[in-house]
Amino acid sequence: MAAPKTALAESPRGEDIGYLHSVFCQVGMPRRRHPEREFTRRNGAAWMVIQAGSVDDGAGRVLRDVPHGVMPRLLVAWICNEVVRSRNLELDLGDTPRELLRQLGLGGQAARYTSLRDGLHDLAAARFQLGFQSRTLNASPVHQLHTWGAPGGARLVVGRDFAADLQRHAVPLDQRALAQLSGSALALDFYTWLAQRLCRLEKQLEMPWASLRAQLGQEYQGARAVDDFRGVARLAIQKVLEVYPGARVQVHAGGLVLERSPPPVARP
(Lines give C-alpha, C1' and ligand atoms only; values in the text may rest on other atoms or scores of the structure.)
Protein backbone atom coordinates (compact mmCIF):
# COMPACT_ATOMS: atom_id res chain seq x y z
CA MET A 1 0.00 0.00 0.00
CA ALA A 2 2.85 2.41 0.71
CA ALA A 3 4.22 4.30 -2.29
CA PRO A 4 6.96 6.82 -2.98
CA LYS A 5 5.80 10.33 -2.25
CA THR A 6 5.36 11.41 -5.84
CA ALA A 7 2.38 12.28 -8.03
CA LEU A 8 0.29 9.22 -8.85
CA ALA A 9 0.18 9.36 -12.62
CA GLU A 10 -1.05 5.79 -13.15
CA SER A 11 -4.56 4.71 -12.17
CA PRO A 12 -4.74 2.31 -9.21
CA ARG A 13 -5.14 -1.38 -9.94
CA GLY A 14 -5.66 -4.52 -7.92
CA GLU A 15 -4.74 -4.09 -4.27
CA ASP A 16 -4.15 -0.36 -4.79
CA ILE A 17 -7.95 0.06 -4.91
CA GLY A 18 -9.67 0.58 -1.57
CA TYR A 19 -13.15 1.56 -0.38
CA LEU A 20 -14.84 3.84 2.15
CA HIS A 21 -18.48 4.31 3.13
CA SER A 22 -19.88 7.34 1.31
CA VAL A 23 -20.92 9.13 4.53
CA PHE A 24 -17.36 8.83 5.88
CA CYS A 25 -16.21 10.42 2.60
CA GLN A 26 -18.46 13.41 3.18
CA VAL A 27 -18.31 13.77 6.97
CA GLY A 28 -15.07 13.26 8.86
CA MET A 29 -14.41 12.38 12.47
CA PRO A 30 -12.82 15.12 14.60
CA ARG A 31 -9.23 15.86 13.63
CA ARG A 32 -8.14 16.69 17.17
CA ARG A 33 -9.13 15.31 20.57
CA HIS A 34 -12.75 16.23 21.24
CA PRO A 35 -13.33 17.51 24.79
CA GLU A 36 -16.91 16.21 25.03
CA ARG A 37 -18.42 12.72 24.97
CA GLU A 38 -20.47 13.32 21.83
CA PHE A 39 -19.44 14.73 18.46
CA THR A 40 -21.72 15.88 15.62
CA ARG A 41 -20.77 16.94 12.12
CA ARG A 42 -22.85 17.74 9.04
CA ASN A 43 -21.87 18.23 5.40
CA GLY A 44 -24.80 19.04 3.14
CA ALA A 45 -27.33 16.21 3.46
CA ALA A 46 -24.87 13.87 5.22
CA TRP A 47 -24.36 13.84 8.97
CA MET A 48 -22.59 11.83 11.64
CA VAL A 49 -22.97 11.54 15.41
CA ILE A 50 -20.31 9.74 17.46
CA GLN A 51 -20.67 8.93 21.14
CA ALA A 52 -17.54 8.00 23.08
CA GLY A 53 -17.65 4.80 25.11
CA SER A 54 -15.42 2.46 27.08
CA VAL A 55 -13.35 -0.70 26.54
CA ASP A 56 -11.85 -3.45 28.66
CA ASP A 57 -8.06 -3.09 28.47
CA GLY A 58 -7.43 -6.31 30.37
CA ALA A 59 -7.63 -4.67 33.77
CA GLY A 60 -11.23 -3.49 33.58
CA ARG A 61 -13.37 -0.75 32.07
CA VAL A 62 -11.58 2.31 30.67
CA LEU A 63 -13.30 5.38 29.24
CA ARG A 64 -12.16 6.26 25.71
CA ASP A 65 -12.24 9.44 23.64
CA VAL A 66 -14.28 10.13 20.54
CA PRO A 67 -12.17 8.68 17.66
CA HIS A 68 -10.06 11.49 16.23
CA GLY A 69 -7.07 12.20 14.02
CA VAL A 70 -5.38 10.22 11.26
CA MET A 71 -5.34 6.70 12.69
CA PRO A 72 -9.11 6.09 13.05
CA ARG A 73 -9.56 7.36 9.49
CA LEU A 74 -7.01 4.88 8.15
CA LEU A 75 -8.50 2.08 10.26
CA VAL A 76 -12.05 2.72 9.02
CA ALA A 77 -10.78 2.79 5.42
CA TRP A 78 -8.96 -0.52 6.03
CA ILE A 79 -12.08 -2.05 7.58
CA CYS A 80 -14.24 -0.92 4.65
CA ASN A 81 -11.73 -2.26 2.15
CA GLU A 82 -11.50 -5.67 3.84
CA VAL A 83 -15.27 -6.01 4.13
CA VAL A 84 -15.97 -5.06 0.51
CA ARG A 85 -13.26 -7.37 -0.82
CA SER A 86 -13.79 -10.41 1.40
CA ARG A 87 -17.38 -9.92 2.61
CA ASN A 88 -16.16 -11.24 5.95
CA LEU A 89 -17.23 -9.64 9.22
CA GLU A 90 -14.33 -11.02 11.30
CA LEU A 91 -11.03 -9.41 10.33
CA ASP A 92 -7.59 -10.67 11.37
CA LEU A 93 -5.38 -7.90 12.77
CA GLY A 94 -2.18 -9.89 12.29
CA ASP A 95 0.25 -11.40 14.76
CA THR A 96 1.73 -8.02 15.77
CA PRO A 97 0.79 -4.32 15.57
CA ARG A 98 3.59 -3.95 13.00
CA GLU A 99 1.70 -6.20 10.59
CA LEU A 100 -1.45 -4.07 10.82
CA LEU A 101 0.54 -0.85 10.39
CA ARG A 102 1.97 -2.27 7.18
CA GLN A 103 -1.55 -3.01 5.95
CA LEU A 104 -2.46 0.60 6.70
CA GLY A 105 0.40 1.75 4.48
CA LEU A 106 2.54 2.98 7.38
CA GLY A 107 5.44 0.59 6.87
CA GLY A 108 5.40 -0.87 10.36
CA GLN A 109 6.43 2.43 11.96
CA ALA A 110 7.07 1.65 15.62
CA ALA A 111 6.47 5.29 16.55
CA ARG A 112 2.80 4.83 15.61
CA TYR A 113 2.09 1.82 17.85
CA THR A 114 0.49 4.01 20.52
CA SER A 115 -1.75 5.87 18.08
CA LEU A 116 -2.73 2.52 16.51
CA ARG A 117 -3.74 1.10 19.89
CA ASP A 118 -5.60 4.28 20.83
CA GLY A 119 -7.36 4.43 17.48
CA LEU A 120 -8.54 0.82 17.75
CA HIS A 121 -9.77 1.29 21.32
CA ASP A 122 -11.56 4.55 20.52
CA LEU A 123 -13.31 2.99 17.51
CA ALA A 124 -14.27 -0.14 19.44
CA ALA A 125 -15.76 1.95 22.24
CA ALA A 126 -17.67 4.43 20.08
CA ARG A 127 -21.26 4.35 18.88
CA PHE A 128 -21.93 5.81 15.44
CA GLN A 129 -25.05 7.20 13.78
CA LEU A 130 -24.86 7.99 10.07
CA GLY A 131 -27.55 9.88 8.19
CA PHE A 132 -28.27 10.89 4.59
CA GLN A 133 -31.48 12.05 2.89
CA SER A 134 -34.05 10.59 5.31
CA ARG A 135 -31.91 7.51 6.04
CA THR A 136 -30.51 6.86 9.53
CA LEU A 137 -28.06 4.05 10.24
CA ASN A 138 -27.39 3.08 13.85
CA ALA A 139 -24.24 1.08 13.28
CA SER A 140 -20.58 1.19 14.25
CA PRO A 141 -17.67 -0.05 12.12
CA VAL A 142 -16.26 -2.08 15.04
CA HIS A 143 -18.70 -4.40 16.83
CA GLN A 144 -16.08 -6.37 18.81
CA LEU A 145 -12.34 -5.95 19.35
CA HIS A 146 -9.82 -8.53 20.53
CA THR A 147 -6.36 -6.99 20.65
CA TRP A 148 -2.95 -8.65 20.69
CA GLY A 149 -2.63 -11.12 23.55
CA ALA A 150 -6.34 -11.98 23.62
CA PRO A 151 -7.28 -15.68 23.39
CA GLY A 152 -7.79 -16.61 19.76
CA GLY A 153 -5.55 -13.85 18.44
CA ALA A 154 -6.00 -10.20 17.53
CA ARG A 155 -9.12 -9.59 15.48
CA LEU A 156 -12.12 -7.34 15.17
CA VAL A 157 -15.71 -8.03 14.23
CA VAL A 158 -17.45 -5.52 11.99
CA GLY A 159 -21.01 -4.48 12.74
CA ARG A 160 -23.43 -6.42 10.51
CA ASP A 161 -25.63 -3.40 9.75
CA PHE A 162 -22.62 -1.24 8.88
CA ALA A 163 -21.21 -3.94 6.58
CA ALA A 164 -24.53 -4.41 4.77
CA ASP A 165 -24.92 -0.67 4.19
CA LEU A 166 -21.30 -0.39 3.08
CA GLN A 167 -21.84 -2.88 0.26
CA ARG A 168 -24.44 -0.48 -1.18
CA HIS A 169 -22.60 2.78 -0.50
CA ALA A 170 -18.87 2.08 -0.95
CA VAL A 171 -16.78 4.74 -2.69
CA PRO A 172 -13.61 3.44 -4.46
CA LEU A 173 -10.39 5.17 -3.40
CA ASP A 174 -6.70 4.94 -4.22
CA GLN A 175 -4.95 3.20 -1.31
CA ARG A 176 -1.63 4.74 -2.36
CA ALA A 177 -3.15 8.20 -1.94
CA LEU A 178 -4.33 7.39 1.59
CA ALA A 179 -0.81 6.23 2.48
CA GLN A 180 0.80 9.39 1.11
CA LEU A 181 -1.69 11.63 2.92
CA SER A 182 -1.38 9.78 6.23
CA GLY A 183 0.40 12.69 7.90
CA SER A 184 -2.67 14.95 7.74
CA ALA A 185 -6.25 14.24 8.79
CA LEU A 186 -7.40 17.34 6.89
CA ALA A 187 -5.73 16.17 3.67
CA LEU A 188 -7.40 12.76 4.06
CA ASP A 189 -10.76 14.49 4.50
CA PHE A 190 -10.28 16.67 1.43
CA TYR A 191 -9.23 13.65 -0.64
CA THR A 192 -12.19 11.46 0.32
CA TRP A 193 -14.61 14.38 -0.06
CA LEU A 194 -13.34 15.23 -3.56
CA ALA A 195 -13.26 11.55 -4.57
CA GLN A 196 -16.96 11.27 -3.73
CA ARG A 197 -18.01 14.75 -4.92
CA LEU A 198 -16.24 15.63 -8.17
CA CYS A 199 -17.57 12.79 -10.31
CA ARG A 200 -21.15 13.70 -9.32
CA LEU A 201 -21.05 17.37 -10.25
CA GLU A 202 -23.44 18.49 -12.97
CA LYS A 203 -21.86 21.92 -13.41
CA GLN A 204 -19.00 24.05 -12.11
CA LEU A 205 -19.25 24.71 -8.38
CA GLU A 206 -17.65 27.58 -6.46
CA MET A 207 -16.93 26.91 -2.79
CA PRO A 208 -15.98 29.96 -0.67
CA TRP A 209 -13.54 29.36 2.18
CA ALA A 210 -16.28 30.13 4.72
CA SER A 211 -18.47 27.32 3.31
CA LEU A 212 -15.53 24.92 3.23
CA ARG A 213 -14.70 25.72 6.84
CA ALA A 214 -18.30 25.05 7.85
CA GLN A 215 -18.18 21.64 6.15
CA LEU A 216 -14.61 20.47 6.71
CA GLY A 217 -13.03 22.72 9.31
CA GLN A 218 -15.46 23.17 12.17
CA GLU A 219 -12.56 22.92 14.63
CA TYR A 220 -11.51 26.42 13.58
CA GLN A 221 -13.45 28.94 15.65
CA GLY A 222 -13.29 32.62 16.57
CA ALA A 223 -12.87 35.85 14.65
CA ARG A 224 -10.03 34.47 12.49
CA ALA A 225 -11.57 31.03 11.91
CA VAL A 226 -11.88 31.32 8.13
CA ASP A 227 -8.40 32.85 7.69
CA ASP A 228 -6.81 30.20 9.91
CA PHE A 229 -8.62 27.42 8.05
CA ARG A 230 -7.71 28.82 4.64
CA GLY A 231 -3.99 28.66 5.44
CA VAL A 232 -3.97 24.99 6.40
CA ALA A 233 -6.55 24.03 3.77
CA ARG A 234 -4.46 25.37 0.89
CA LEU A 235 -1.52 23.19 1.99
CA ALA A 236 -3.77 20.14 2.40
CA ILE A 237 -5.36 20.62 -1.03
CA GLN A 238 -1.94 20.93 -2.66
CA LYS A 239 -1.05 17.49 -1.23
CA VAL A 240 -4.35 16.05 -2.39
CA LEU A 241 -3.93 17.26 -5.97
CA GLU A 242 -0.53 15.54 -6.13
CA VAL A 243 -2.19 12.15 -5.49
CA TYR A 244 -5.42 12.84 -7.37
CA PRO A 245 -4.09 14.28 -10.65
CA GLY A 246 -7.43 13.96 -12.43
CA ALA A 247 -9.16 16.32 -10.00
CA ARG A 248 -10.22 19.53 -11.74
CA VAL A 249 -9.89 21.90 -8.80
CA GLN A 250 -8.78 25.51 -8.92
CA VAL A 251 -7.57 27.22 -5.75
CA HIS A 252 -7.92 31.00 -5.57
CA ALA A 253 -8.12 33.74 -2.97
CA GLY A 254 -11.85 33.31 -2.42
CA GLY A 255 -12.00 29.53 -2.21
CA LEU A 256 -12.19 26.57 -4.59
CA VAL A 257 -13.70 26.11 -8.03
CA LEU A 258 -14.72 22.48 -8.65
CA GLU A 259 -15.49 20.94 -12.03
CA ARG A 260 -16.76 17.50 -12.91
CA SER A 261 -13.78 15.14 -12.86
CA PRO A 262 -13.12 11.43 -13.26
CA PRO A 263 -13.05 9.56 -9.95
CA PRO A 264 -9.63 8.46 -8.61
CA VAL A 265 -10.59 4.86 -9.44
CA ALA A 266 -11.87 4.36 -12.99
CA ARG A 267 -15.32 2.81 -13.15
CA PRO A 268 -15.49 -0.55 -14.96
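Refer to the structure printed above.
Quick notes on the rules
- Residues numbered from 1 in each chain as written.
- Predicted model: local features only at pLDDT ≥ 70, side-chain atom pairs only at ≥ 80, totals over all residues.
- Heavy atoms only, no water.
- Axes fitted to C-alpha atoms, helices over the stretch in contact; angles between N-to-C directions.
- Helix = DSSP H or I, 4+ residues; strand = E, 2+ residues; numbered from the N terminus.
- Parallel < 35°, antiparallel > 145°, perpendicular 65-115°, else oblique.
- Left-handed = near helix turned anticlockwise from the far one by under 90°.
- Contact = heavy atoms within 4.5 Å.
- Nonpolar A, V, L, I, M, F, W, Y, C, P; charged D, E, K, R; others polar.
- Salt bridge = Lys/Arg side-chain N within 4 Å of Asp/Glu carboxyl O.
- Buried < 20%, exposed > 50% of the residue type's maximum accessible area, 1.4 Å probe, protein only.
- Pairing = 2+ DSSP bridges.
- Phe/Tyr/Trp six-rings, centres within 6.5 Å; stacked < 30°, edge-to-face > 60°.

So, on to the packing of helix α7 (residues 185-197) against helix α9 (residues 225-243). α9 packs onto α7 with a crossing angle of 60 degrees between their chain directions and a minimal axis gap of 8 Å. Considering the angle they form, α7 stands oblique to α9. For the pair α7 and α9, the crossing hand works out as right-handed. Here α7 contributes Leu186, Ala187, Phe190, Tyr191 and Leu194 to the contact with α9, which in turn contributes Phe229, Val232, Ala233, Ala236, Ile237, Val240 and Val243. Here the contact of α7 with α9 is built from residues that sort into 12 nonpolar, no polar and no charged.

Further remarks concern the pattern of salt bridges. Applying the stated criterion across every chain, the model contains 17 salt bridges. A salt bridge links Arg31 to Asp189; the shortest N-O distance between them is 2.4 Å. Highlighted residues: Arg31 in the loop between α1 (22-26) and β2 (38-43) and Asp189 in helix α7, separated in sequence by 158 residues. Note that Asp227 is salt-bridged to Arg224, the shortest N-O span being 3.8 Å. Accessibility expressed as a relative area gives 34% for Asp227, which makes it partly exposed. Within this structure, Arg31, Arg41, Arg73, Asp189 and Glu219 form a network of salt bridges that share partners.

With that out of the way, let us pick up the sheet that holds strand β13 (residues 249-252). Spatially, three strands are ordered β12-β14-β13 in an open sheet, and the strand pairing comes out antiparallel. Both outer strands of the open sheet, β12 (205-208) and β13, are each paired with one neighbouring strand and no more. Along the sheet, successive strands turn relative to each other by an average axial angle of 20 degrees, direction set aside. Bridge count between β13 and strand β14 (residues 255-258): four bridges; the pairing is antiparallel. Residue pairing for β14: Gln250 is matched across the bridge by Val257.

With that out of the way, let us pick up the packing of helix α2 (residues 70-86) against α7. It is at 9 Å that the axes of α2 and α7 come closest, and there the two elements cross at 35 degrees. The way α2 lies across α7 gives a crossing that is left-handed. Contacts from Val70, Arg73 and Leu74 in α2 reach Ala185, Leu188 and Asp189 in α7. Of the residues in the contact of α2 with α7, the class split is four nonpolar, no polar and two charged.

Here we take up the packing of aromatic side chains. Tallied over the entire structure, the rule returns six aromatic pairs. Taking the centre distance of 6.1 Å and the plane angle of 85 degrees together, the rings of Phe24 and Phe162 count as edge-to-face. Within this pair, whereas Phe24 is found in helix α1, its partner Phe162 is found in helix α5 (residues 160-168), the two being separated by 138 residues in sequence. Overall, Phe162 belongs to the buried group, its relative accessible area being 0%.

Attention shifts here to the pairing of β14. Relative to β14, β12 is paired through four bridges, and the arrangement is antiparallel. In the strand pairing of β14, Met207 is matched with Leu256. Hairpin connection, β13 to β14: the antiparallel pair is bridged by two residues.

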